[in-house]
Amino acid sequence: SSISRTVTSMTAMEVCDGMPKESSPFINNTDHDKGNLYDGKNMALFEEEMDSNPMVSSLLNKLANYTNLTQGVKEHEEADDEEGPARSKKPVKSPALGTLIGVYLPCLQNILGVILFLRLTWIVGTAGIMESLAIVVMTCSCTMLTAISMSAIATNGVVPAGGSYYMISRSLGPEFGGAVGLCFYLGTTFAGSMYILGTIEILLTYIVPSAAIFKAEKKEDEPEALLNNMRVYGTCCLTLMSLVVFVGVKYVNKLALVFLACVILSILAIYAGVIKTAFEPPDFPICLLGNRTLQNHNFDQCLKTMKVGNVTVTTKLWSLFCDSPDFNATCNEYFTLNNVTVIQGIPGLTSGVIRDNIWGDYGPKGMLVENKHQMSEPAADTSQDIYMPYVANDITTFFTLLVGIYFPSVTGIMAGSNRSGDLRDAQKSIPIGTIMAIATTTFIYISSVILFGACIEGVVLRDKFGDSVKGNLVIGILAWPSPWVIVIGSFFSCCGAGLQSLTGAPRLLQAIARDGIVPFLQVFGHGKANGEPTWALLLTGGICEIGILIASLDAVAPILSMFFLMCYLFVNLACALQTLLCTPNWRPRFKFYHWALSFLGASLCVSLMFISSWYYALVAMLIAGCIYKYIEYRGAEKEWGDGIRGLSLNAARYALIRLEEAPPHTKNWRPQMLVLLNLESDHTVKHPRLLSFCTQLKAGKGLTIVGSVLQGTYMIKEDEVKKAEQSSMATERTKGFCHVVASSNLRDGFSHLIQTAGLGGMKHNTVLMAWPGTWKQSNDPVSWKNFIETVRETTAANQALLVAKNVDSFPTNTDRLGEGTIDVWWIVHDGGLLMLLPFLLRQHKVWRKCKMRIFTVANMDDNSIQMKKDLQMFLYHLRLDAEVEVVEMVTTSLTPTVRCMTFGPLYCLAADAGRHGPQIQSITDTSRSSIRRKNQTGASGSESDPSRQLEGTQEDEVAQLIHDRNTASHAALNDKPDTGPDRVHMTWTKDKFLSERNRNRSEVNMGVRDLFNMKPNQSNVRRMHTAVKLNEVVVNRSQGAHLVLLNMPGPPKNRSGDENYMEFLEVLLEGLNRVLLVRGGGREVITIYS
């Protein structure tokens, strides 16, 4: 049929037209798919939209085949395996990991780690069971609330590889995402340091103590020797692990199951040992001297003397406290006064020792670990105690320190979200697996705190390194069947956790670098050919080395606690923000969340940060804040549909509604600018200095709307409008909004901008534009007529108007003006805008060195001295610093103008000049010449003589000339009714003046109308002459000023006097460099009240 042929031809035309088509953001259309999108379909009505809007059947087919493989370790392994040119492309397998293997076990492995094995018993002994439970409950509540928030975010759409960084950045925007992503990266990196330090501590303290390179000869040197050993071995271990990660991550992944098995077996061994203590406690004797715990390294028997055969001899313990093994040796006073006692280190579950461990025992560094229930005789001299083999605190202990040390043991909850690409159903597995893992580990920690306090003696719990039990791991002596189960298990667990940190941290940094939000990190987005992040691994190793050089597990743990808490804080904030904003895209499948829970989690994170270490918290926030501001200032602009953008929209809507309730008070008034720009043919700004001046006038505050008009229709000029908007805002790096409209003519376009720019209470109140400097040279009067109509529009809209003359000579934002003045000529009261503008300008660094001068005009019958005092007092109440000067002008010069301008902004000129057209231009040759003449006589004579001469002989002649030209112009208009107004020649020589007068006088047209016109023409002559005199005074006083501000008279009401008005302003401004004409908006903008 004809219809089908038409459809076929249209299809061919569309496929072959070569126009680029917009692809769907989630469907990867290929070129060969486009031709058959609607072949054979009865959808001819929609065929022109098929490329941009595919059919639903095609959409569903594409989505059904969608896969989301993580762009990480898996692809890198496959790239390593597929070597050679003949490698075959493997089919992409769908993710197959379930909740148990994909989320639960990885989270379990990451949460349970070094703190559980090396520090939990010491925390229980130091803080007591009750405070330890408080620490566990606080930290686990924090992670549980964070997991709930994370589950809501993770189930609100597909979460690609990147885990928490992806979730935060896409929820809170690139600034927060980059800041928190880098904090999470630093936390993961320092976690690697902590795990490596834990590994070396287990190795040197419990497995092979003899491997220590630095050995202390004295007891007081032991801590420093231990730290040096940690640094050396830690650096070697870091180098080895980094090489393993560099060579192949697949080896790390293959060992992950071994590391997980070590963790699980160690936990089971601890519970088995606790059960065994109920009926058969292990034999681990503790030696006490008085009530002090002794280090059980250098003696075998807890005795001062012993019988060997029938002879009583001293023991090794005697030699440690006395200067010789003889009975008459000099011994330590406390050793002499007190006996030694042996108690069981693990009395058992039913021993009742839990009562002794309920409350904590904090103390300063060097405090001896004592059993409060044992009797002892205090010694008078305790100065030698630090050299004796007592168990003592190696650091000062307090509750908040323990919170910071313990918190890393509950981190690792992001492991499931980081593997989201490998999960069969991430939106189901992540919430269930993560929450179950946190619940399991919380149970393990709570039960461990109670069971450790119920089974182990308090002095043993407070013995951090197991010195009282012959250097055994304290948690190991509780385990069954052997302490080595815990020692070996914890060693491999720490190794695995360190390797995983060194594997995950570089990939996180690579993901941030590839997002392009932090420019200086882009180099770390590159790596090996298979994508391995080589440079990121190098940086990670360097940062990790900083933690190893700190060398103390207890000092590194609070650092990474800060960074993880920062990350969790923003996860909670992201969820709360999205929930409160009710964003249309916020539709999580996980329903068990609430904004109050998220806020509670965020508050708990902040509290834990400052509880752990207030100065570390401030440093972490400072780092995050610096990264945020850097990304905001230098980072690439990203639009991710984040919640901060939605929050800004809601806040803006609320603020706009509030602003609508009442107009701004005078105290809050500031110029909200609409800058009217003219564009060149290539859409560049004609006067860029106008934008610079606007920036300087606002000093970075207030509203700026840059407006311009393109002639034409929007359908045709759409691309040009967008290009013009971009170029306008890029000029001078103006901060604000751009509004370019397409209109049939410039006049209507600028009128539309003045009427409609802005929104609600955020509308402009001031219009800034450039003086049309070429209006006299142009043959087309449209330019200056548009200017005058714009002045009328702003007056009708009650908006202030600023007109900058010679705007191209204004300073740029990088200029710095030296000493100079900003001169204000205050002739009529405009609401105080004339005095406010110099104050605002001086806030900017360009005008900061300029001083303000205010000139006002007085007639001969005014008291100029009193005027000056009154003006100085007025400025004092306005809190403005300015020099005041009153300029006296003779009455004959200024009475018609100054009084008119004082009682009304020159509307009397507008009324007269508007009725009689452009005739007053005939005297401008005299005006121009008078500006250029230098006054050689006194001020009085120079001002009175020309006036008397004008009022005498010349005035009649000039008035007659105006009358004659008026008659001639009317005759010309009557002869040519269809033509526009003729161009009036503005400049008259003396010869032309006389010839024109004689020619017109030869015509007999002196009727009643001519007599009626005589008096107004004489008035116009006096006003023009007055403008000349006022200009002379301004030029004499302010020609050297950096900027001159003048009152701008209003245009004539009768449009026939528009050209006279332009010439009047031209005469008024002649001879001045930088001038700003100011016209108030009809309201007070400055006040003396606070």
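Bear in mind that the values here come from a model prediction, so they are computed numbers and not experimental data.

Asker: Which residues make up the pairing of strand β15 (residues 1075-1079), and what values go with them?
Answerer: For β15, a buried count of five out of five residues is recorded, marking the element as mostly surrounded by other parts of the structure. In β15, alternate side chains face the same way, and those of V1075, L1077 and R1079 on one face and L1076 and V1078 on the other are all buried. Both strand β14 (residues 1043-1047) and β15 contribute to a ladder of four bridges, which runs parallel. By the bridge assignment for β15, L1046 is matched with L1077. Running through helix α36 (residues 1058-1069), the crossover from β14 to the neighbouring parallel element β15 is right-handed.

Asker: Quick rundown of the environment of G352? Include the residues and the values.
Answerer: As for its position among the elements, G352 is in the loop between β5 (340-344) and α13 (399-406). With 101 residues separating them along the chain, G352 and G453 place their C-alpha atoms 9.7 Å apart.

Asker: Outline the confidence of the model for the chain, supporting the account with residue identities and numerical values.
Answerer: Taken residue by residue, the chain gives an average pLDDT of 77. The fraction at 70 or more is 76%. Low pLDDT, under 50, characterises residues 999-1017; the predicted model gives this stretch 21 contacts beyond four residues in sequence or across chains.

Asker: Can you break down a nonpolar patch on the surface residue by residue, with the values?
Answerer: On the surface, a nonpolar cluster with roughly 470 Å² of combined accessible area is contributed by L240, V244, F246, V247 and Y251. The element that contributes the greatest number of residues to the nonpolar patch is helix α9 (residues 222-247), accounting for four residues.

Asker: Give a detailed account of the state of the cysteines, specifying residues and quantitative values.
Answerer: Counted by the stated rule, this structure contains two disulfides. Disulfide pairing is shown between C287 and C302; the S-S distance is 1.8 Å. Looking down the S-S bond of the C287 and C302 bridge, the torsion is 70 degrees, so its handedness is right-handed. With C287 in strand β1 (residues 285-289) and C302 in the loop between β2 (292-293) and β3 (305-308), this residue pair connects regions lying 15 residues apart in the sequence.

Asker: Quick one: what's the story with the packing of helix α20 (residues 553-581) against helix α22 (residues 614-634), residue by residue and with numbers?
Answerer: Across the interface, α20 lies against α22 with an axial gap of 10 Å and an inter-helix angle of 45 degrees. On the basis of the axis angle, α20 is oblique to α22. The crossing of α20 and α22 is right-handed. In this structure, α20 contributes A555, P558, I559, M562, F563 and M566 to the contact, and α22 contributes Y616, A617, A620, M621, I623 and A624. Across the contact of α20 with α22, the residue classes break down as twelve nonpolar, no polar and no charged.

Rules behind the numbers
The residue count restarts for each chain, going from 1 along the sequence in the order it is written. Thresholds applied to this predicted model are a pLDDT of at least 70 for local features of residues and 80 or more for the giving and counting of side-chain atom pairs; totals over whole chains, interfaces and linings are not thresholded and use all residues. Note that the side-chain values use all heavy atoms of the structure and ignore hydrogens as well as water. To sort residues, take the accessible area from a 1.4 Å probe on protein chains only and compare it with the maximum for the residue type: under 20% means buried, over 50% means exposed, and anything in between is partly exposed. Helical segments are the DSSP runs of H or I of at least four residues, strand segments are the runs of E of at least two, and each set is numbered from the N terminus. Should DSSP find at least two bridges between two strands, the strands are regarded as paired. With the strands pointing away from the viewer, any crossover whose connection runs clockwise from the first strand over the helix to the second is right-handed. Residue-level confidence of the predictor is what pLDDT reports, using numbers from 0 through 100. Contacts are assigned to residue pairs that have any heavy atoms within 4.5 Å of one another. Patch members must show over 30% relative accessible area and no salt bridge, and they are joined within 9 Å when carrying like charges or within 5 Å when they are nonpolar side chains of Val, Leu, Ile, Met, Phe, Trp or Tyr. Per-residue accessibility takes into account occlusion by the displayed protein chains alone, with areas from the Shrake-Rupley method and a 1.4 Å probe. Counted as salt bridges are all cases of a side-chain nitrogen of Lys or Arg within 4 Å of a carboxyl oxygen of Asp or Glu. Note on terminology: pairs of cysteine sulfur atoms within 2.5 Å are recorded as disulfides. An axis is simply a line fitted to the C-alpha atoms; with a helix, the fit covers only the stretch in contact. Between two such axes, the angle follows the N-to-C directions and lies from 0 to 180 degrees. Roughly parallel means an angle under 35 degrees; roughly antiparallel, over 145; roughly perpendicular, 65 to 115; everything else is oblique. Crossings are sorted by hand: turned counterclockwise from the far helix by less than a right angle, the near helix makes the crossing left-handed, and turned clockwise it makes it right-handed. Three classes are used, and their members are as follows: Ala, Val, Leu, Ile, Met, Phe, Trp, Tyr, Cys and Pro are nonpolar, Asp, Glu, Lys and Arg are charged, and the others, Gly among them, are polar.

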